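The primary structure of each chain is shown beneath.
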Amino acid sequence: MELSKEKIREVIARRVALEFKDGDVITLGIGLPTEAANYIPPDVHVILQSENGIMGVGPMANSENADTRITNAGGKLVTMLPGGCYFDSLMSFHMIRGGHINKTVLGGLEVDELGNLANWVVPGKMVPGMGGAMDLVVGAQKVIIAMEHTSHGKSKLLKKCTLPLTAEKEVDLIITEKGVIEVTPKGFLLKEISPYSSLEDIITSTDADLIIPDYLK
């Protein structure tokens, strides 16, 4: 099934939100990962941290509740939940580097079967730098990558990354519009197939080998 870009982002963000558990402290990366805040189940209570210095981030703001003083690390307007607070970057990165973040969700350009991540630069293109991703992938207790399965028809799940790495062997879980894949010592373990995909589709659009378990959902 051919999905629009908007639908792809929604499918990924909704599935990412299902990984959140009561009491989790979570940092969402710039772009697609931040959209997961809009789909957290009402009976799940988590604390969202933004690396620019906010604890207690709520869903994305709209025209009715926007406060132009409150933005996430990507500069997008967000809401604050009751009990939320603000602090400086020093405190923010103390939390991240000190291992106090249960889960982080980041975008990705490439992930390989060793759990290596490339998500910050394409050679020849100007970028400001690696940013907080290099701290989050090492400091967070669990690293989830939320990204499209392919780019311009080419797989982003590889045997070996070709782009400059953000981190080595730090990725735990990958969520795309096609499915959910766990990084294990033996390689990519396919855990779930999206309702918008199929086993054949995932296999043909994944460059790396996949471990297919009997309990596949």
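Here's a quick rundown of the structure. Because the structure is predicted, anything quoted here is derived from the model rather than measured.

Details of the sheet that holds strand E7 (residues 117-118)
Then, number 1: Across the sheet, three strands lie side by side as E7-E6-E11; this open sheet has mixed pairing. Only two strands of the sheet have a single neighbouring strand rather than two, namely E7 and strand E11 (157-158).
Then, number 2: For strand E6 (residues 110-112) and E11, the ladder comprises two bridges, and the chain directions are parallel. Along E11, the bridge assignment pairs Val-111 with Leu-157.

Re the pattern of salt bridges
Then, number 1: A complete count under the given rule lists 14 salt bridges for this structure.
Then, number 2: Put simply, Arg-69 and Asp-67 hold a salt bridge, and the shortest N to O gap is 2.9 Å.
Then, number 3: In this structure, a network of salt bridges that share partners links the residues Arg-15, Glu-19, Lys-142, Glu-192 and Lys-217.

Here's the deal with the nonpolar core
Then, number 1: Core analysis: the biggest nonpolar cluster contains 28 residues, and Val-111, Ile-145, Val-171, Ile-174, Ile-181 and Phe-188 have the highest contact counts within it.
Then, number 2: Listing elements by their share of this core, those giving two or more residues are helix H2 (89-97), helix H3 (133-139), strand E8 (142-146), strand E13 (179-184) and strand E14 (187-193).
Then, number 3: Once residues within four sequence positions are removed from consideration, Ile-181 is found in contact with His-149, Leu-157, Leu-173, Ile-174, Phe-188, Leu-189, Leu-190 and Leu-210.
Then, number 4: Ile-40, Val-46, Leu-48 and Ile-54 belong to the second-largest nonpolar core, a separate cluster that totals 27 residues.

Some details on H2
Then, number 1: Taken together, the buried positions of H2 are Ser-92, Phe-93, Met-95 and Ile-96. Summarising the axial view, the buried residues of H2 lie within an arc of 150°, below the 170-degree limit, and thus occupy one face. Counted as exposed and oriented over 90 degrees from the buried face of H2: Leu-90 and Arg-97.
Then, number 2: On its buried face, H2 sits against strand E2 (47-50), strand E3 (54-60) and H3.
Then, number 3: Gly-99 sits one or two positions beyond H2 and adopts a positive phi of about 80°.

Observations concerning the pairing of strand E1 (residues 25-28)
Then, number 1: Of the two faces of E1, the one carrying Val-25 and Thr-27 and the one carrying Ile-26 and Leu-28 are both buried.
Then, number 2: Note: E1 against E2, three bridges, orientation parallel. Note that in E2 the partner of Thr-27 across the bridge is Gln-49.
Then, number 3: In the sheet, E1 pairs with strand E5 (residues 103-106) via three bridges, with the strands oriented parallel. Bridging across to E5, Leu-28 finds its partner in Val-105.

Considering the environment of Val-78
Then, number 1: You can see Val-78 is positioned in strand E4 (residues 78-86).
Then, number 2: The residues touching Val-78, leaving out its near neighbours within four places in the chain, are Val-57, Pro-59, Met-60, Ala-61, Ile-70, Thr-71 and Asn-72.

Here is what the cut-offs are and how they apply
Residues numbered from 1 in each chain as written. Predicted model: local features only at pLDDT ≥ 70, side-chain atom pairs only at ≥ 80, totals over all residues. Heavy atoms only, no water. Pairing = 2+ DSSP bridges. Helix = DSSP H or I, 4+ residues; strand = E, 2+ residues; numbered from the N terminus. Salt bridge = Lys/Arg side-chain N within 4 Å of Asp/Glu carboxyl O. Core = buried A, V, L, I, M, F, W, Y, C linked by side-chain atoms within 4.5 Å. Buried < 20%, exposed > 50% of the residue type's maximum accessible area, 1.4 Å probe, protein only. Contact = heavy atoms within 4.5 Å. Arc of directions from axis to C-beta.

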